[in-house]
Amino acid sequence: DLCCNMSGAFQLKIRRMTQEDIPSVRHVAEVTWHHTYKNIIPEHIRTEFLATAYSDKSLNYRMRNNVLLVVEDAGHLVGFAEFTPLQDSSEVELSAIYILPSHQGKGIGTQLLQEGIKNFPDAKVIKLRVESRNAPAKSFYLAKGFLPTREYTILIHGYSCEITEMEKHL
């Protein structure tokens, strides 16, 4: 477990996700997705995506196969990140990083990113995909040293999303 004292009233703890965290992780995903994508992805598409991606079955699978970290502030789960090892063991994907809107801009995402990378000591590259119209996320990743590598379109529950792939050499 990593305990952090940060300036201000935040008392943060970063740790591995457990079965008991599933409802809280689902809540963070729902709040952040609806907040972040309200003007980008239609509500019914967001709702369908969240129901599938954050089902008990999906989260249990992801906990077994990936590194899921949660961050607590004074005992309340306020964010999480998911790191997926890729076939090439020198590469890892940041599959998700979500922080409640009330806790964004306070360095929590940076700490989750740094802590997650520690789980992959052999990794040389960290990759991610971000919705191209998600300007705050793209700015965050650029500030952390990620560079765009390609752009393309995917369908999420039938809705076209513009994706920017980014990577950072470690």
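Residues numbered from 1 in each chain as written. Predicted model: local features only at pLDDT ≥ 70, side-chain atom pairs only at ≥ 80, totals over all residues. Heavy atoms only, no water.

Draft legend 1. Layout of the overall build of the chain. What the chain contains, in helices and strands, is five helices and eight strands. From first element to last, N terminus to C terminus, the chain shows the α and β order β-β-α-α-α-β-β-β-α-β-α-β-β. Each of the three principal axes of the chain carries a C-alpha extent, and together these read 40 × 35 × 30 Å. The proportion of buried residues among the 170 residues of the chain is 46%. (Helix = DSSP H or I, 4+ residues; strand = E, 2+ residues; numbered from the N terminus. Buried < 20%, exposed > 50% of the residue type's maximum accessible area, 1.4 Å probe, protein only.)

Draft legend 2. View of the pattern of salt bridges. Within the structure shown, the criterion is met by nine salt bridges. For glutamate 82, the salt bridge is made with arginine 62, and the minimal N-O distance between the two is 2.6 Å. With glutamate 82 in strand β4 (residues 76-85) and arginine 62 in helix α3 (residues 56-65), the pair connects residues that are 20 residues apart, well separated along the chain. For the pair formed by glutamate 82 and arginine 62, the shared burial category is buried. A salt bridge links arginine 133 to glutamate 131; the shortest N-O distance between them is 2.7 Å. The structure contains a network of salt bridges with shared partners spanning Arg15, Asp21 and Glu72. (Salt bridge = Lys/Arg side-chain N within 4 Å of Asp/Glu carboxyl O.)

Draft legend 3. Here's a closer look at the pairing of strand β3 (residues 67-73). The element β3 is extensively covered by neighbouring structure, given that seven of its seven residues are classed as buried. Because side chains alternate across β3, one face comprises the buried residues Val67, Leu69, Val71 and Asp73, and the other comprises Leu68, Val70 and Glu72, equally buried. Summarising the sheet, strand β2 (residues 11-16) and β3 pair through five bridges and their orientation is antiparallel. Each bridged residue has a counterpart across the sheet, and for arginine 15 the counterpart in β3 is valine 70. Here β3 runs beside β4; their pairing, made up of seven bridges, is antiparallel. Following the sheet pairing, glutamate 72 is matched in β4 by leucine 77. Here β3 folds back onto β4, and the loop between the two strands holds two residues, one of which, alanine 74, carries a positive phi near 50 degrees. (Pairing = 2+ DSSP bridges.)

Draft legend 4. Up close: the packing of helix α1 (residues 22-37) against helix α2 (residues 43-53). Orientation of α1 relative to α2, taken along the N-to-C sense of each, is 155 degrees, at an axis distance of 10 Å. Between α1 and α2, the crossing angle belongs to the class labelled roughly antiparallel. Relative to α2, the crossing made by α1 is right-handed. Residues Ala29, Glu30, Trp33, His34 and Tyr37 of α1 lie in contact with α2, whose contacting residues are Glu43, Arg46, Thr47, Phe49 and Leu50. (Axes fitted to C-alpha atoms, helices over the stretch in contact; angles between N-to-C directions. Parallel < 35°, antiparallel > 145°, perpendicular 65-115°, else oblique. Left-handed = near helix turned anticlockwise from the far one by under 90°. Contact = heavy atoms within 4.5 Å.)

Draft legend 5. Representation of the packing of aromatic side chains within the structure. Across all of its chains, the model carries six aromatic pairs by this definition. On the basis of an interplanar angle of 70 degrees and a centroid distance of 5.9 Å, the ring pair of tyrosine 54 and phenylalanine 80 is categorised as edge-to-face. One end of the pair, tyrosine 54, is in the loop between α2 and α3; the other, phenylalanine 80, is in strand β4, with 26 residues separating them in the sequence. For the pair tyrosine 54 and phenylalanine 80, one class covers both residues: buried. On the basis of an interplanar angle of 70 degrees and a centroid distance of 5.3 Å, the ring pair of phenylalanine 140 and tyrosine 141 is categorised as edge-to-face. With a relative accessible area of 23%, phenylalanine 140 lands in the partly exposed category. (Phe/Tyr/Trp six-rings, centres within 6.5 Å; stacked < 30°, edge-to-face > 60°.)

Draft legend 6. Expanded view of the pairing of strand β7 (residues 147-156). Bridging between β7 and strand β8 (residues 159-169) involves nine bridges; their strand directions are antiparallel. Note that in β8 the partner of isoleucine 156 across the bridge is tyrosine 159. Between β7 and β8, which follow one another and run antiparallel, lie two residues, and histidine 157 among them has a positive phi close to 50 degrees.

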